[in-house]
Amino acid sequence: NERTKARIIVDSFETDPARILAGQDFTLKVRMKNASNSIVASNILFTFESETVSDSPVFTTVNGSNSVVVNSLAPGASDTLTIKFSSSRTAFLHDHDQ
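What comes next concerns the included structure. Source: prediction; values computed, not measured.

Calculation criteria
Residues numbered from 1 in each chain as written. Predicted model: local features only at pLDDT ≥ 70, side-chain atom pairs only at ≥ 80, totals over all residues. Heavy atoms only, no water. Helix = DSSP H or I, 4+ residues; strand = E, 2+ residues; numbered from the N terminus. Buried < 20%, exposed > 50% of the residue type's maximum accessible area, 1.4 Å probe, protein only. Core = buried A, V, L, I, M, F, W, Y, C linked by side-chain atoms within 4.5 Å. Contact = heavy atoms within 4.5 Å. Salt bridge = Lys/Arg side-chain N within 4 Å of Asp/Glu carboxyl O. Polar contact = N/O pair within 3.5 Å; in protein donor to acceptor, adjacent residues only side chain to side chain.

The next point concerns the overall build of the protein. The helix and strand inventory of the protein stands at one helix and eight strands. Reading the secondary structure of the protein in the N-to-C direction produces β-β-β-β-β-β-β-β-α. For the protein, the proportion of its 98 residues judged to be buried stands at 23%.

In structure tokens:
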């Protein structure tokens, strides 16, 4: 049962606003946690990808990058990643039309 790699988990998340409407910008806050008791995690790359509806993404990043790097996360420590997205007007409308 020896572990040589850190275990990174999503501890919690929220959006602002809580209810996202089609075509609206929103902020996603994801709390990542190093669930390991003794292993430091370093150079962690988090990449967020959208589902697609009719080959169109449901959301896109406002600044163009869908990745965030965390340099180090101590054992048991957490870090909140904050990314601004824009929801697709057509993907949401198309999804509700079906």
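Here we come to unusual backbone geometry. In this chain, D16 is followed by P17 through a cis amide linkage whose omega measures 5 degrees. Structurally, the position occupied by P17 is in the loop between strand 1 (8–16) and strand 2 (25–34). Within the chain, N43 stands out as a residue other than glycine whose phi angle is a positive 50 degrees. Structurally, N43 can be placed in strand 3 (residues 41–47). Judged by relative accessible area, N43 falls into the exposed class, the value being 62%.

Below, the discussion takes up the nonpolar core. Membership of the largest hydrophobic core comes to 13 residues, with the highest contact counts inside it found for L28, I44, F46, F48, L81 and F85. Those elements that place two or more of their residues in this core are strand 2, strand 3, strand 7 (67–73) and strand 8 (78–87). When residues in this core are grouped by element, the largest group, four residues, is from strand 2. If sequence neighbours within four positions are ignored, F85 has contacts with Q24, D25, F26, L28, F48, F59, T60, T61 and V62.

The subject of this paragraph is the pattern of salt bridges. Under the counting rule described, the total for this entry stands at one salt bridge. Here D11 makes a salt bridge to R31, at a shortest N to O gap of 2.3 Å. On the criterion of sequence distance, the pair formed by D11 in strand 1 and R31 in strand 2 is long-range, its members being 20 residues apart. With relative accessibility at 35%, the residue D11 sits in the partly exposed group.

Moving on, we get to the side chain of N34. Its place among the elements puts N34 in strand 2. Only 3.4 Å separates the side chain of N34 from the backbone oxygen of A74, close enough to count as a polar contact.

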